[in-house]
Amino acid sequence: MEKRLIVLGVTGGIAAYKSAELCSRLVQAGYPVQVVMTANARQLVAPRTFATLSHLPVIDSLWEVPDWRPEHVALAARAALLVVAPATANFLGKYANGIADDALTTLAIAFDGPVILAPAMNPVMWRHPAVRHNAELLRSRGVELVGPEEGHVACGEPGVGRMSSPEQIFAAIAARVPRES
């Protein structure tokens, strides 16, 4: 059986609300979706939202696992694709530098398949040399970035930093992991 599981990582950017729509679209298209949330993401969107949409419990801890297996390693082996939307500056920095201190970053480091990130942050943050360096480093390692786009972000500031639409992210996913016929 071909691997089709999409792992949807959700980090603590205000664009996390768009990830619920992305999750819904993926499930409606027939993809199994496992959501992994950071603690900061839980401050913006409730895990129950994603559990209801994905029909699976949300993973948000390294320590609350159902059996003896390290969940991040087992999940990494089952997944066809890792998508992180939104991918905050914090996540980009941790992932680029191999920092694995929560369920999502640990999974990302354990996963050796294709990765799509949808950056989302304030335009000043996106322009910061460290963030730009981390984004380019990840691209050089084969990570696909979808966005960010130009427009107004939550703080009201215009510029490049807004997360791409769920439709655009979905299209990138479908290009990597074909839908069932």
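Described below are features of the structure shown in this document. (Residues numbered from 1 in each chain as written. Predicted model: local features only at pLDDT ≥ 70, side-chain atom pairs only at ≥ 80, totals over all residues. Heavy atoms only, no water.)

1. Section: the sheet that holds strand β1 (residues 5-10)
The five strands are arranged β2-β1-β3-β4-β5 in an open sheet whose pairing can be described as parallel. Edge positions in the sheet fall to β2 (33-37) and β5 (144-145), since each has one partner strand and no second. Along the sheet, helix α1 (residues 16-28) makes contact with β1, β2 and β3 (79-87), crossing β1 at roughly 170 degrees. Lying over the sheet, helix α9 (residues 166-176) contacts β1, β3, β4 (115-119) and β5, oriented at roughly 165 degrees with respect to β3. (Pairing = 2+ DSSP bridges. Helix = DSSP H or I, 4+ residues; strand = E, 2+ residues; numbered from the N terminus. Contact = heavy atoms within 4.5 Å. Axes fitted to C-alpha atoms, helices over the stretch in contact; angles between N-to-C directions.)

2. Overview of a nonpolar patch on the surface
A cluster of nonpolar side chains, contributed by I14, Y17 and L44, occupies part of the molecular surface with about 320 Å² of accessible area. As for its position among the elements, L44 is in the loop between α2 (39-42) and α3 (47-54). (Patch = residues over 30% accessible without salt bridge, like charges linked within 9 Å, V, L, I, M, F, W, Y side chains within 5 Å. Areas by Shrake-Rupley, 256 points an atom, 1.4 Å probe, with all protein chains shown as cover. Salt bridge = Lys/Arg side-chain N within 4 Å of Asp/Glu carboxyl O.)

3. Side note on the side chain of S19
Secondary-structure assignment places S19 in helix α1. Aside from chain neighbours lying at most four places away, what touches S19 is L8, V10, F50, A85, P86 and M163.

4. Notes on the nonpolar core
Counting residues in hydrophobic clusters, the biggest one holds 32 residues, and the most contacted among them are L8, L22, V35, F50, V83, I169 and I173. Ranked by residue count, the leading element in this core is α1, at five residues. Among all residues touching I173, those that are not within four sequence positions of it are I6, L22, L26, L81, V83 and I116. By size, the runner-up hydrophobic cluster in this structure holds 29 residues, among which are A79, A103, W126 and L145. (Core = buried A, V, L, I, M, F, W, Y, C linked by side-chain atoms within 4.5 Å. Buried < 20%, exposed > 50% of the residue type's maximum accessible area, 1.4 Å probe, protein only.)

5. Some thoughts on unusual backbone geometry
Of the consecutive residues A85 and P86, the connecting peptide bond is found in the cis state with omega at 0 degrees. In this structure, P86 sits in strand β3. A cis amide bond links G147 to the next residue, P148, at an omega of 5 degrees. Inspection of the secondary structure assignment puts P148 in the loop between β5 and β6 (149-152).

6. Examining the environment of A171
Along the chain, A171 falls in helix α9. On the basis of relative accessibility, which here comes to 45%, the residue A171 falls in the partly exposed class. Residues A171 and E157, 14 residues apart in the sequence, show an inter-C-alpha distance of 27 Å.

Purely spatial values, then, with no claim about function.
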